[in-house]
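Per-entry structural report
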Amino acid sequence: MSELKIPKRLIMTPGPVSVDPRVSQAMSNSILGQFDPDFTSIMDETMTLIRKSFLTKNQWSFPIDGTSRAGLESVISSIVEPGDRVLVPIIGRFGHLFAELVQRVGGIVHTIECPLGEVLPQEEIIKALDMVNPKVLAIVHGETSTGRLQPIDQLGKACKERGIYSVVDAVATYMGTTIPVDEWELDAVIGGAQKCLSVPSGITPITFNDRFSEAINTRKRVEEGIRTDEKTERETFIKSNYFDLTQLQDYWSPKRLNHHTESTVMVYALNTGLKIALDEGVEQRSARHEYHHKGLKKALEALGLKIYGDKDHEMKMVICVEIPDGVEANQFRQELLEQFGIEIAGSFGELKDAIWRIGLMGYGVQKQNILTFISAFSLLLSQQGVKGIDPTKALNTLIKYYEQA
Ligand SMILES: Cc1ncc(COP(=O)(O)O)c(C=O)c1O
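Residues numbered from 1 in each chain as written. Predicted model: local features only at pLDDT ≥ 70, side-chain atom pairs only at ≥ 80, totals over all residues.

For the protein chain, an unreviewed UniProt entry supplies the name Class V aminotransferase and the organism Mammaliicoccus stepanovicii. Quoted verbatim from the Sequence similarities (unreviewed entry) field of the UniProt record, the comment on the protein chain reads "Belongs to the class-V pyridoxal-phosphate-dependent aminotransferase family." (UniProt positions renumbered as here; feature names shortened; annotations may be inferred.)

**A word on the overall build of the protein chain**
Looking only at helices and strands, one finds 13 helices and 13 strands in the protein chain. Seen through its principal axes, the protein chain has C-alpha atoms that stretch 75 × 55 × 40 Å. Across the 405 residues of the protein chain, 48% fall into the buried class. The contacts in the protein chain between residues at least 6 apart in sequence include a share of 72% that link residues at least 24 apart. (Helix = DSSP H or I, 4+ residues; strand = E, 2+ residues; numbered from the N terminus. Buried ≥ 20, exposed ≤ 12 C-beta atoms within 10 Å, placed from the backbone. Contact = placed C-beta atoms within 7 Å.)

**Quick word on the UniProt feature "binding site: substrate" (unreviewed entry) in the protein chain**
Mapped onto this numbering, the UniProt entry annotates "binding site: substrate" (unreviewed entry) at Arg357. Inspection of the secondary structure assignment puts Arg357 in strand E13 (residues 355–359). Ignoring any residue separated from it by four or fewer positions in sequence, one finds Arg357 in contact with Thr13, Pro14, Gly147, Val318, Cys320, Ile344, Ala345 and Ser347.

**Observations regarding the UniProt feature "modified residue: N6-(pyridoxal phosphate)lysine" (unreviewed entry) in the protein chain**
Following the UniProt record, one finds the feature "modified residue: N6-(pyridoxal phosphate)lysine" (unreviewed entry) at Lys195. With respect to the element layout, Lys195 can be found in the loop between strand E9 (188–190) and strand E10 (203–208). The residues contacting Lys195, other than those within four sequence positions of it, are Pro14, Gly15, Val17, Val171, Ala172, Gly176, Met317, Met361 and Gly362.

**A closer look at the domain arrangement of the protein chain**
The assigned domain composition of the protein chain is domain 1 (20–278) and domain 2 (282–404). Using C-alpha coordinates to define each centre, domain 1 is positioned 31 Å away from domain 2. With 26 residues of domain 1 at the contact, the number on the domain 2 side is 25 residues. Across the side of domain 1 that touches domain 2, the residue classes break down as nine nonpolar, twelve polar and five charged. (Domains from an automatic or database assignment. Nonpolar A, V, L, I, M, F, W, Y, C, P; charged D, E, K, R; others polar.)

**So, the site of the ligand**
All residues in the neighbourhood of the ligand are listed as Gly15, Thr67, Ser68, Arg69, Phe94, Val140, Gly142, Thr144, Asp169, Val171, Ala172 and Ser201. Its residues assigned to classes, the shell around the ligand shows four nonpolar, six polar and two charged. (Near = placed C-beta within 6 Å.)

**Quick word on helix H2 (residues 37–53)**
Its 17 residues place the ends of H2 24 Å apart at the C-alpha level, agreeing with the 24 Å of an ideal helix rising 1.5 Å per residue. Those residues of H2 that fall on the buried side of the exposure criterion are Met43, Thr46, Met47, Leu49, Ile50, Arg51 and Ser53. The inward-facing, buried residues of H2 abut strand E2 (60–65), E10, helix H9 (264–280) and helix H10 (282–302). (Expected span 1.5 Å × (residues − 1).)

**Details of the pairing of E10**
Within E10, six of the six residues are buried, which leaves it mostly tucked inside the rest of the structure. Strand direction decides the pairing type here: E2 and E10, joined by six bridges, are antiparallel. Within E10, the residue paired with Ser61 across the bridge is Thr207. (Pairing = 2+ DSSP bridges.)

**With respect to the environment of Lys306**
Along the polypeptide, Lys306 turns up in the loop between H10 and strand E11 (318–322). For Lys306, a count of 12 C-beta atoms within 10 Å corresponds to the exposed category. On a C-alpha basis, the gap between Lys306 and Ile355 in space is 9.7 Å, while along the polypeptide they are 49 residues apart. Contacts of Lys306, omitting those with residues within four sequence positions, involve Val321 and Glu322.

**Observations regarding the sheet that holds strand E4 (residues 108–113)**
Read from one edge of the open sheet, seven strands run E2-E10-E9-E8-E5-E3-E4, paired in mixed fashion. The sheet terminates laterally at E2 and E4, the two strands that pair on one side only. Between one strand axis and the next, the sheet turns through 20° on average, direction left out of account. Across three bridges, strand E8 (residues 165–169) lies against E9 in parallel orientation. Its bridge partner being in E9, Val168 is matched across the sheet by Val189. On top of the sheet, H2 reaches E2 and E10; it is set at about 110° to E2, its chief contact. (Axes fitted to C-alpha atoms, helices over the stretch in contact; angles between N-to-C directions.)

**Some words on the environment of Asp182**
Within the element layout of this structure, Asp182 appears in the loop between E8 and E9. Separated by 125 residues in sequence, Asp182 and Lys57 have C-alpha atoms that sit 7.3 Å apart. What Asp182 contacts, discounting residues up to four positions off in sequence, is Leu55, Thr56 and Lys57.

**Considerations on the environment of Ile226**
Following the sequence through the fold, Ile226 ends up in the loop between helix H7 (210–217) and helix H8 (245–251). The exposed category is assigned to Ile226, around which 11 C-beta atoms lie within 10 Å. As for Ile226 and Asn258, which are separated by 32 residues in sequence, their C-alpha atoms are 7.2 Å apart. Setting aside residues no more than four positions away along its own chain, Ile226 makes contact with Leu257 and Asn258.

Printed below as a string of structure tokens:
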């Protein structure tokens, strides 16, 4: 058998990112049966950790097996019935993903949009709630495609007052900034594993409150073969089986409904990743992201690069820079990877050849990595003949920042 050879990388994309070696180590443990009491106690502990990560008391805080969109899809397919109106504010690609998920379950999407690189004022979103009167507001917190942080702190309350359910994609911001779910009165929030939490992709922590739970349970159906009562469900039962949150509630509770076969290894990874992050502290982790973001931004500006987008609403876990004239965007990224083992990302749609996205997420957000990144990145830019690039100035700016900050 030939051995897998995985090259060494410094991943500076908006995910997936490198994981803490303690997470990899946890994943090398033996498999446990999913109903083994030693495993179910890890499940219970993981629920407690997820609650802490979202600063919530929500009983219903558990992971979905699958990548982050599995979390989004489980929430949308459980709450949205055919014909339900859903308001989706769109500030980039992942807003469109919400719209797509709603359409696929027969919901009627109403969108409001703003120019790329900007965010929507909350008052405008609340106005749209009054005009559309939707069942659900589905909104992205950190729009990784444009690097914008959409303000959402007023929206949960506004939705609640109007009898609307608020659903938030916090995939990219989760554990990179504080998301106080209870304080912001959000009904359902989806986090992400492979970004600021720095756990491999394939498991997605979510949380939802009792109000949301009551709503989805009117659509409950337990599959035949494991059903224990003969209750007939409404015509509009949740159509997805895998992403049916009500069956998953029965699995992630003492009922231990035999729904799917849990990926025990991924639960070990999530459990360990959460412990590492919570040991650091939600606020401290958020501050760490902000601190390095500020330093790297200064260095990129010292290089003469233009930072993309509305400066007042930047995500601290991704910096978008405009690609300088004369540089072939993809080829540059490829060379950065081949020569230095460093990966950065492009973007999507009309931003595809306009910006690079430099991720600052979770475990890898460390001084040494950022110094290494700026050295290689600026050197390669100057080798490509980009005018005015001064690698020494960029590096010195960053060193000075770290010395003074
Ligand atoms: C904001 C946001 N939402 C959703 C997703 C989808 O996540 P996944 O690719 O893990 O399914 C991503 C992935 O990059 C994202 O950045």
